[in-house]
Amino acid sequence: MNTKDLTRLGVPQGAPLKLGMEFIVNFIARSGDPARLEEEVAAVIANPAAFLGDSEREAFARTLYEPAFKQREKLAPWRQWGSGLEPEAVRQMANACALPVAVAGALMPDAHVGYGLPIGGVLATDNAVIPYAVGVDIACRMKMTVLDRKANTLAGEKDRLANIIESETRFGVGASFKQHRDHEVMDEDWSISPITQRFRDKAWAQLGTSGSGNHFVEFGTFTVENHELGLEPGEYVALLSHSGSRGTGAQVCQHYSRVAMDRHAELPKELKHLAWLMLDEAAGQEYWAAMNLMGLYAAANHALIHRHIARKLGARVILDIENHHNFAWKERHMIDGVEREVIVHRKGATPAGAGVLGIIPGSMASPGYVVRGRGEPGSLNSASHGAGRVMSRTKALQSFTWSAVKKLLAERDVTLLSAGLDEVPGVYKDIAQVMAAQTDLVEVLGRFDPRLVKMCPSGERPED
């Protein structure tokens, strides 16, 4: 088959034709039956959605897929990193790029299905913010502090370290401190939104807590092999945390999502979570202010966790790295050859501008990485925010047993203080494969290996 044959079958000029020819070349190279080639191509053309997530056909299918609901003649351009992603996650990304306010998008290699925008989805919009493209857990965040302790001291102090974690943060949906922790974030203007004003006291009570779902606090070994982070090469004790803006952030998301949905009743049921607010309207300005306050609040949560734990341990912090995901930023990007300001939503995606440091965790029994962004324009300066789930929480509870999980954790020298069975290592993708799929997005500078892990116990509603 050649380009004339593809055109005859209905493949449009441009990227679809190019990727169609690439599929043909690869099909033959894999010893596919030439007699079935036209049938294979015709099947993708007839129903592209059926081949999203098919590692051999998805690139070709993606260029042919058209959302059922389109408010624009042509989808905003978007790129995908990694292959074999969940078909529904790919469809969600394409649907987002059909919005009239969409400008460009990208899908990260850890992507999986979310509400509206997939987890691992990056979307640039024109003067508009989409609450669910930011996410329910606004400003969910990673923070790592490296301590002035060599890694070989961990084994002998596990009981003490466990007690310190247990005493200096709290896990669970309603987790709070009876005696409020102090931080200057509570001196910010919480009256910028009726939601932040109403939930200020709850936010203060939850300041320094970790919540539920995939949130964690863990000690581990941090390994560096050169001086690029300002540390001597070697292995150190490090503290890593993952959590966001707790109950108040969720309330902000839910309120402004409802406002956005009311204003965009034209969106069909499957796209309602992509409803947007314009930033030059009052509701959009309120949400933007509240979102940024939740960013400060999430950062304060982590700051207190790390400050109190380091103080209790009597250790000095020698390196401090952190980054948001589940957030939206005003940034300048080249769009169709013109530099312009856009709103970049990173839902479960890490900022990876040139030289920007970030943290990409694996699972409770696999490594995480400190990375430096390469500033890839096609990804809108983004990278994955973790390994990404491969199954739902319900399926996880049906698929794993604690006896098997505990054996794996013992093999990898991990002590688990608490967690739900829906957060065990097997529910996540292979972090090595995810990192291999984004070498053009980030450069690895250091490796974190979990050794002592604390998550919310079983039975709590996930807040991630």
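Rules used throughout
- Residues numbered from 1 in each chain as written.
- Predicted model: local features only at pLDDT ≥ 70, side-chain atom pairs only at ≥ 80, totals over all residues.
- Heavy atoms only, no water.
- Helix = DSSP H or I, 4+ residues; strand = E, 2+ residues; numbered from the N terminus.
- Rg over C-alpha atoms; globule rule 2.2 N^0.38 Å.
- Buried < 20%, exposed > 50% of the residue type's maximum accessible area, 1.4 Å probe, protein only.
- Contact = heavy atoms within 4.5 Å.
- Areas by Shrake-Rupley, 256 points an atom, 1.4 Å probe, with all protein chains shown as cover.
- Polar contact = N/O pair within 3.5 Å; in protein donor to acceptor, adjacent residues only side chain to side chain.
- Core = buried A, V, L, I, M, F, W, Y, C linked by side-chain atoms within 4.5 Å.
- Pairing = 2+ DSSP bridges.
- Phe/Tyr/Trp six-rings, centres within 6.5 Å; stacked < 30°, edge-to-face > 60°.
- Salt bridge = Lys/Arg side-chain N within 4 Å of Asp/Glu carboxyl O.

**Some points on the overall build of the protein**
Move 1: Counting its secondary structure elements, the protein contains 14 helices and 17 strands.
Move 2: The C-alpha radius of gyration computed for the protein amounts to 23 Å, which stays within 12% of the reference 23 Å derived for 464 residues, consistent with globular compactness.
Move 3: Buried positions account for 57% of the 464 residues belonging to the protein.
Move 4: Intrachain contacts of the protein at a sequence separation of at least 6 include 75% that bridge at least 24 residues.
Move 5: A total accessible area of about 19,100 Å² is found for the protein, and carbon and sulfur atoms account for 49% of it.

**So, the environment of glutamate 281**
Move 1: Among the secondary structure elements, glutamate 281 is positioned in the loop between β8 (277-278) and α11 (282-313).
Move 2: C-alpha separation for the pair glutamate 281 and alanine 128, spaced 153 residues apart in sequence, amounts to 9.7 Å.
Move 3: At 2.7 Å, the side chain of glutamate 281 and the backbone nitrogen of methionine 278 are in polar contact.

**As for the nonpolar core**
Move 1: Core analysis: the largest hydrophobic core is formed by 75 residues, its most contacted members being Ile138 and Tyr287.
Move 2: Of the residues forming this core, the biggest block, 11 residues, is contributed by α11.
Move 3: With sequence-adjacent residues up to four places away left out, isoleucine 138 is seen in contact with Gly244, Ser245, Gly249, Val252, Cys253, Tyr287, Met291, Met294, Asn326 and Phe327.
Move 4: Met142, Phe222, Leu229 and Met364 belong to the second largest nonpolar core, which has 54 residues in total.

**Side note on the pairing of strand β6 (residues 216-224)**
Move 1: Counting buried positions along β6 yields eight of nine residues, so the element is predominantly enclosed.
Move 2: Here β6 runs beside strand β7 (residues 234-243); their pairing, made up of nine bridges, is antiparallel. The partner of threonine 223 across the bridge, within β7, is glutamate 235.
Move 3: As defined by bridge partners, β6 adjoins strand β17 (residues 442-455) across eight bridges and the pair is classed as antiparallel. Residue pairing across strands places phenylalanine 219 opposite leucine 452, the latter belonging to β17.

**Some thoughts on the environment of aspartate 262**
Move 1: On the secondary structure map, aspartate 262 appears in helix α10 (residues 246-263).
Move 2: Spatially, the C-alpha atoms of aspartate 262 and alanine 275 are 8.6 Å apart, while their sequence positions differ by 13 residues.

**Details of the packing of aromatic side chains**
Between two aromatic rings, the relevant description is the distance of the centres plus the angle of the planes.
Move 1: A full pass over the atoms with the stated rule returns six aromatic pairs.
Move 2: For the ring pair phenylalanine 23 and phenylalanine 27, a centre distance of 5.8 Å and an interplane angle of 50° mean the geometry is tilted. Note that phenylalanine 23 and phenylalanine 27 are positioned in helix α2 (residues 15-29) at a spacing of four residues, about one turn of the helix. Phenylalanine 27 carries the same exposure label as phenylalanine 23, and that label is buried.
Move 3: When the ring of phenylalanine 327 is compared with that of tryptophan 329, the centres are 5.1 Å apart and the planes differ by 70°; the resulting orientation is edge-to-face.
Move 4: Using a relative accessible area of 5% as the deciding quantity, one classes phenylalanine 327 as buried.

**Details of the pattern of salt bridges**
Pairs may arise between side chains of opposite charge once their charged atoms sit close together.
Move 1: Counting across every chain of the model gives 31 salt bridges.
Move 2: When the shortest N-O distance is used, the salt bridge between glutamate 38 and arginine 8 registers 3.4 Å. Here glutamate 38, found in helix α3 (residues 37-46), pairs with arginine 8, found in helix α1 (residues 3-9); they are 30 residues apart in sequence, far enough to count as distant.
Move 3: Its salt-bridge partner being glutamate 322, residue lysine 143 comes within 3.3 Å of it at the nearest N-O pair. Of this pair, lysine 143 sits in strand β5 (residues 141-150) while glutamate 322 sits in strand β9 (residues 317-324), and the two are 179 residues apart along the sequence.
Move 4: The exposure class of glutamate 322 is partly exposed, given its relative accessible area of 30%.
Move 5: Each of Arg30, Arg36, Glu40, Asp54, Glu56 and Arg57 takes part in salt bridges that share partners, so that together they form one network.

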